Amino acid sequence: DENTMKEKLTRYEKLTEWDSMYLIMLACISFSIKNINREEKLKMFVNWMLKDFRQSLVGYIYAIIYFSQRPLKKMMKYNQADSADIKRSNISNMTWDLYIMNSFFRNWTTEKEKLEFVYATDDKVLRKLLRLAIDIQINESFEPLRKVISQSDCEHIAEIWSMEVSEAERVYR
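Residues numbered from 1 in each chain as written. Predicted model: local features only at pLDDT ≥ 70, side-chain atom pairs only at ≥ 80, totals over all residues. Heavy atoms only, no water.

What is the right way to read unusual backbone geometry from this model?
Most peptide bonds take the trans form, and the phi angle of most residues other than glycine is negative. Of note, K74 is a non-glycine position whose phi angle comes to about 65°, a positive value. Mapped onto the fold, K74 is located in the loop between α4 (57-66) and α5 (84-109). Residue E140 is not a glycine yet carries a positive backbone phi of 55°. On the secondary structure map, E140 appears in the loop between α6 (124-139) and α7 (151-161). Looking at E140, the relative accessible area reads 73%, which means it is exposed. (Helix = DSSP H or I, 4+ residues; strand = E, 2+ residues; numbered from the N terminus. Buried < 20%, exposed > 50% of the residue type's maximum accessible area, 1.4 Å probe, protein only.)

Shown next, in the form of structure tokens:
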């Protein structure tokens, strides 16, 4: 029955940015397990996003806080000692956090007449990261980070943001 098959195949919309958020999370994990200092991990992650992948405010915020001197507790759920199934599940969980934060910004910046969105969560990490990303977006600067990361981390981030990558160098245009 073609009609039934078509209905079942087109019932759901593909989450177009989920794969992208998953890759950002995998990159963050990959850099986190490297045997280098945290400042260099953040620099490598940001450089990867700028040159090789794409920019993502929520990806940046996650990495900045995670690679800071004071990451949030239970922020990184990935543990190398876990089984493959648990690792996959934890990566998926962290990706959903990024995806939800990203979708918040998509809904906020896309004008949809007569639509309102409510986001509610008991996940403290998700809530704190989203609140921080909102403050950064409203201030149009990374100034709100000064409340949650150390002065040396702020200086390091300022150095990273001064990196310039031309559009021609970027792989993901």
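Picking up where we left off.
Would you mind showing me how to read the packing of aromatic side chains here?
Any pair of aromatic rings gets described here by the distance separating the centres and the angle formed by the planes. Tallied over the full model, the rule gives twelve aromatic pairs. Measuring from centroid to centroid gives 5.7 Å for W18 and W96, while their planes differ by 55°, and the two rings are tilted. Taken together, the residues span a long stretch of sequence, with W18 in helix α2 (residues 18-32) and W96 in helix α5 at a distance of 78 residues. Taking relative accessible area as the criterion, W18 reaches 15% and is therefore assigned buried. Their ring planes at 40° and their centres at 5.6 Å tell us that F105 and W108 sit as a pair that is tilted. (Phe/Tyr/Trp six-rings, centres within 6.5 Å; stacked < 30°, edge-to-face > 60°.)

Explanation requested: the packing of α4 against α6 in the structure shown.
Orientation of α4 relative to α6, taken along the N-to-C sense of each, is 120°, at an axis distance of 10 Å. Classified by the interaxial angle, the pair formed by α4 and α6 is oblique. Helix-helix and strand crossings are classified by hand; for α4 and α6 the assignment is right-handed. Counting all contacts with α4, which are made through L57, I61, Y62 and I65, the residues of α6 involved are L129, L132, A133, I136 and Q137. Here the contact of α4 with α6 is built from residues that sort into eight nonpolar, one polar and no charged. (Axes fitted to C-alpha atoms, helices over the stretch in contact; angles between N-to-C directions. Parallel < 35°, antiparallel > 145°, perpendicular 65-115°, else oblique. Left-handed = near helix turned anticlockwise from the far one by under 90°. Contact = heavy atoms within 4.5 Å. Nonpolar A, V, L, I, M, F, W, Y, C, P; charged D, E, K, R; others polar.)

Explain the environment of I100 to me, please; I cannot follow it from the model alone.
Position of I100 relative to the elements: it lies in helix α5. When the C-alpha atoms of I100 and D122 are compared, they prove to be 13 Å apart, with 22 residues separating the residues in sequence. Sequence-distant contacts of I100, that is, excluding residues within four places in its chain, are made with Y119 and L126.

So what exactly am I meant to see when it comes to the packing of α2 against helix α3 (residues 38-52) here?
Each pair of packed helices can be summarised by the angle the axes make with each other and by the distance between the axes. Direction vectors running N to C along α2 and α3 enclose 150°, while the axes themselves pass 9 Å from each other. One way to sum up the angle between α2 and α3 is to call them roughly antiparallel. Crossing angle aside, the handedness with which α2 passes α3 is right-handed. Contacts between α2 and α3 pair L23, I24, A27, C28, F31 and S32 from the former with K41, M44, F45, W48 and M49 from the latter. A breakdown of the residues in the contact of α2 with α3 according to their chemical character gives nine nonpolar, one polar and one charged.

Is there a simple way to think about the environment of Q55 in this case?
Note on placement: Q55 falls in the loop between α3 and α4. Distance in space between the C-alpha atoms of Q55 and I24 is 9.8 Å, their sequence separation being 31 residues.

What am I meant to see in the pattern of salt bridges here?
Any two side chains of opposite charge can pair if their charged atoms end up close together. All chains considered together, the criterion is met by eight salt bridges. A salt bridge links R106 to E17, with the nearest nitrogen and oxygen atoms 2.7 Å apart. Of this pair, R106 sits in helix α5 while E17 is found in the loop between α1 (2-9) and α2, placing the two residues 89 residues apart along the sequence. Classification of R106 as partly exposed rests on a relative accessible area of 38%. The shortest N-O distance in the salt bridge between D135 and R131 comes to 3.0 Å. You can see D135 and its partner R131 sitting in helix α6, four residues apart, about one turn around the helix. Residue class for R131 comes out partly exposed when judged on its relative accessible area of 43%. In the salt-bridge network here, residues are joined through shared partners; they are E17, R54 and R106. (Salt bridge = Lys/Arg side-chain N within 4 Å of Asp/Glu carboxyl O.)

Interpretation note: all reported values are geometric properties and have no functional meaning in isolation.
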